[in-house]
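One letter stands for each residue in the lines below.
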Amino acid sequence: DMYLGDTIESASQEESVPQGKLMSIESYVTQNISVLSPEKEVLGGTFYVTKIEVEPEENKGYVEYEDGHNAYVADFTYTANDTEGINITSFVVRD
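Residues numbered from 1 in each chain as written. Predicted model: local features only at pLDDT ≥ 70, side-chain atom pairs only at ≥ 80, totals over all residues. Heavy atoms only, no water.

**Q** Honestly, the pairing of strand E3 (residues 71-81) in this entry has me stumped. Any pointers?
**A** Side-chain direction in a regular strand flips from residue to residue, so the side chains alternate between the two faces of the sheet. Pairing analysis gives seven bridges linking strand E2 (residues 60-66) to E3, with the strands arranged antiparallel. Bridged to Tyr65 within E3 is Tyr72. Joining the antiparallel neighbours E2 and E3 is a turn of four residues, in which Gly68 adopts a positive phi near 95°. Between E3 and strand E4 (residues 85-93), which pair antiparallel in sequence order, lie three residues. (Pairing = 2+ DSSP bridges. Helix = DSSP H or I, 4+ residues; strand = E, 2+ residues; numbered from the N terminus.)

**Q** Is there a simple way to think about the sheet that holds E2 in this case?
**A** Within a beta sheet, neighbouring strands are joined by backbone hydrogen bonds and run either parallel or antiparallel to one another. Taken in spatial order, the four strands of this open sheet run E1-E2-E3-E4, and their pairing is antiparallel. In this open sheet, the two edge strands, each paired with only one partner strand, are strand E1 (48-55) and E4. Mean inter-strand twist for the sheet, computed between neighbouring axes without regard to direction, equals 25°. As paired elements, E3 and E4 share eight bridges and run antiparallel to each other. Opposite Thr77, over in E4, you have Ser90 as the bridge partner. (Axes fitted to C-alpha atoms, helices over the stretch in contact; angles between N-to-C directions.)

**Q** Where do I start with the pattern of salt bridges in this structure?
**A** When charged atoms on two side chains of opposite charge get close, those side chains can pair. Counted according to the given criterion, the structure contains two salt bridges. In this structure, Glu58 engages Lys60 in a salt bridge whose closest nitrogen and oxygen atoms are separated by 3.3 Å. You can call Glu58 partly exposed: its relative accessible area is 47%. The class of Lys60 is partly exposed, set by a relative accessible area of 31%. In this structure, the salt-bridge partner of Asp75 is Arg94, at a minimum N-O distance of 2.8 Å. Of the two residues, Asp75 sits in strand E3 while Arg94 sits in the segment after E4, which places them 19 residues apart along the sequence. (Salt bridge = Lys/Arg side-chain N within 4 Å of Asp/Glu carboxyl O. Buried < 20%, exposed > 50% of the residue type's maximum accessible area, 1.4 Å probe, protein only.)

Shown next as structure tokens:
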């Protein structure tokens, strides 16, 4: 029984490793939203993220953002690894 407990313990610790990546995905998209967005800010406006959801097991998420004039929702996919860091592989604004 002790051995089984150990196995579950170590498995759950490995599960928590992507959480670190999760934070950086959110930060990365938030910090780079103006670059990532195919829509550009209204003159004088600056995009800011109002909501972001990431699904690390599927390497995708969505972000809601606005510039004070227009609001957008976009779906994105990404890859993240220690050597190359974060790479946004698609960023599509919903109609």
